[in-house]
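Chain and residue survey
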Protein chains: 2
Amino acid sequence: MKLYDDTLAPNPRRVRIFLAEKGISVPLVQVEIIKGEHKTPEMRALNPAGTWPLLELDDGTRLTETVAICRYFELIQPDPPLMGRTPLEAAQVEMWQRRMEFELFMPIALSFRHLAPPMAKLETQIKDFGLVNKARAEKRLERLNDELAAKPFIAGDSYSIADITAMCAIDFGKYARIPVDDSLTHVKDWYARVSTRPSAKA
Amino acid sequence: MKLYDDTLAPNPRRVRIFLAEKGISVPLVQVEIIKGEHKTPEMRALNPAGTWPLLELDDGTRLTETVAICRYFELIQPDPPLMGRTPLEAAQVEMWQRRMEFELFMPIALSFRHLAPPMAKLETQIKDFGLVNKARAEKRLERLNDELAAKPFIAGDSYSIADITAMCAIDFGKYARIPVDDSLTHVKDWYARVSTRPSAKA
């Protein structure tokens, strides 16, 4: 088994943190997206969808999509659970994972893609759309602050994949110039809690 | 248990089809999004995220996010499986569901939101962004045609939630003026296969 990775990209990081929390070690193959290494004919053949990371199993089966790769590891090694244990917990974790993905991670990523000067060579940038997404992410952080007033982790009492998605979104936000304002104390406290876990360095 | 629904919106439809395939019947409460009924103070209190559909359990617990709601039903009633049975199948179905969601459903939805005249009152429309997404959806349909040359369903041999997402995307595409071109015969054949299942009318 091996994981095609890029230490600079936020999605591969979500999988590395997930694996670190599980205590699972998978050999990594580095592919530098910023240098266009994911678009070589060899990589295109391996991964026609062109999305990163990519997990290759020993029989050659390949999986893409961050959360699908995490699901695979969750099911082959359920402990510690990062995607909920009961049907209701699993649904609640998935709900919060998706909220953080659609409402925080994506607006931050879209803001970066459409506003950051180095991205102009990879993307047709539409500045107005970048600004809409920046504002959307900032507003979502304020709402997240209210949500975190009453619970230690994004999905409730336990650390989960939803925390991984949100933490990686916020760290990505530093590059997208979307910092967490000091007034958002619940987000700051939660961030301190999750970012000091050893897995955050994965 | 009850499901807050809107017969005109594509996401509630994904859940209705999922339930029909499972043979599960849940009372529906109609909320007309186009009339702004999801933004009344009563509905805002019920569903602060404002996303649709919403499942309310008998104990008052509320779930949003289409795929999280589907996951709940998959786990409480695994048969027939719509999200894969083994760990690898589950990961593959999730991978394809996400591909169809991010690469087809979303570009179609974004194209509709940013180009359709009736949406101007709900959204700050950015025409260029709508056009980028229309082109992205059209290109993805061409790639889907190649993918479906070798398999009967989106995720492989079995009908799954990935087919539901893709079919609802394509039906939504009719409103977004993104039809499936007649040359895409594998997509047409697959569409005939999934859209004639009784669940498609749910």
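Everything discussed here concerns the structure shown above.
Here is a short report on the structure shown in this document. Nothing here was measured: the structure is a model prediction, and the numbers come from that model. (Residues numbered from 1 in each chain as written. Chains lettered and ligands numbered in written order. Predicted model: local features only at pLDDT ≥ 70, side-chain atom pairs only at ≥ 80, totals over all residues. Heavy atoms only, no water.)

Re the overall build of chain A
- A count of helices and strands for chain A gives 7 helices and 4 strands.
- Reading chain A from its N terminus to its C terminus gives the helix and strand order β-α-β-α-β-β-α-α-α-α-α.
- By the compact-globule yardstick of 17 Å for 202 residues, chain A fits well, its C-alpha radius of gyration being 17 Å.
- When the backbone C-alpha atoms are referred to their principal axes, chain A occupies close to 45 × 45 × 25 Å.
- For chain A, with 202 residues in total, the buried portion stands at 54%.
- If you take every contact in chain A between residues at least 6 apart in sequence, the share linking residues at least 24 apart comes to 63%. (Helix = DSSP H or I, 4+ residues; strand = E, 2+ residues; numbered from the N terminus. Rg over C-alpha atoms; globule rule 2.2 N^0.38 Å. Buried < 20%, exposed > 50% of the residue type's maximum accessible area, 1.4 Å probe, protein only. Contact = heavy atoms within 4.5 Å.)

Here we look at the interface of chain B and chain A
- Counting residues at the interface gives 37 residues for chain B and 37 residues for chain A.
- In total, chain B and chain A occlude about 3,000 Å² of area from one another, counting both sides; carbon and sulfur atoms represent 66% of this.
- For the pair chain B and chain A, the interface holds 6 salt bridges.
- Where Arg98(B) meets Glu65(A), a salt bridge forms, and the shortest distance between an N and an O atom there is 3.1 Å.
- At the surface where chain B touches chain A, the tally comes to 8 residue pairs in polar contact (both at pLDDT 80 or more).
- Elements that contribute at least two residues to the side of chain B that touches chain A include exactly strand S4 (62-64), helix H3 (66-76), helix H4 (87-115) and helix H5 (127-147) of chain B.
- A breakdown of the residues in the side of chain B that touches chain A according to their chemical character gives 19 nonpolar, 6 polar and 12 charged. (Buried area = accessible area lost by both parts, 1.4 Å probe. Salt bridge = Lys/Arg side-chain N within 4 Å of Asp/Glu carboxyl O. Polar contact = N/O pair within 3.5 Å; in protein donor to acceptor, adjacent residues only side chain to side chain. Nonpolar A, V, L, I, M, F, W, Y, C, P; charged D, E, K, R; others polar.)

Details of the nonpolar core
- Counting 109 residues, the largest nonpolar core has Trp190(A) and Trp190(B) as the members making the most contacts within it.
- Discounting residues that sit within four places of it in the chain, Trp190(A) has contacts with Leu148(A), Pro152(A), Phe153(A), Ile154(A), Asp163(A), Ala166(A), Met167(A) and Ile170(A). (Core = buried A, V, L, I, M, F, W, Y, C linked by side-chain atoms within 4.5 Å.)

Focus: the packing of aromatic side chains
- All told, the structure shown has 12 aromatic pairs over all chains when counted by the stated rule.
- Plain terms: the ring middles of Phe105(A) and Phe172(A) are 6.3 Å apart, the flat faces sit at 45° to each other, and that makes the pair tilted. Here Phe105(A) is found in helix H4 (residues 87-115), whereas its partner Phe172(A) is found in helix H6 (residues 161-175), with 67 residues between them in sequence.
- With a relative accessible area of 5%, Phe105(A) lands in the buried category.
- Judged by relative accessible area, which is 13%, Phe172(A) ranks as buried.
- Seen from their ring centres, Phe153(B) and Tyr159(B) are 6.0 Å apart, and the 90° between their planes marks the pair as edge-to-face. Tyr159(B) carries the same exposure label as Phe153(B), and that label is buried.
- Among the aromatic residues, those joined into a ring-pair cluster are Phe105(A), Phe112(A) and Phe172(A).
- Seen from the ring of Trp96(B), Arg99(B) lies directly overhead, with NZ or CZ sitting 4.6 Å from the centre. (Phe/Tyr/Trp six-rings, centres within 6.5 Å; stacked < 30°, edge-to-face > 60°. Lys NZ or Arg CZ within 6 Å of the ring centre and 35° of its normal.)

Here's the deal with the sheet that holds strand S2 (residues 28-30) of chain B
Residues and elements named next belong to chain B.
- Pairing in this open sheet of 4 strands is mixed, and the strands run S2-S1-S3-S4 from one edge to the other. Strands with a single pairing partner mark the edges of an open sheet, and in this sheet they are S2 and S4. With direction set aside, neighbouring strand axes in the sheet form an average angle of 25°.
- Bridge count for strand S1 (residues 2-5) against S2 is 3 bridges, and the pairing is parallel. Each residue of the ladder has a partner; that of aspartate 5, found in S2, is glutamine 30.
- Of the strands in this sheet, strand S3 (54-56) and S4 touch H3, which is tilted by about 125° from S4. (Pairing = 2+ DSSP bridges. Axes fitted to C-alpha atoms, helices over the stretch in contact; angles between N-to-C directions.)

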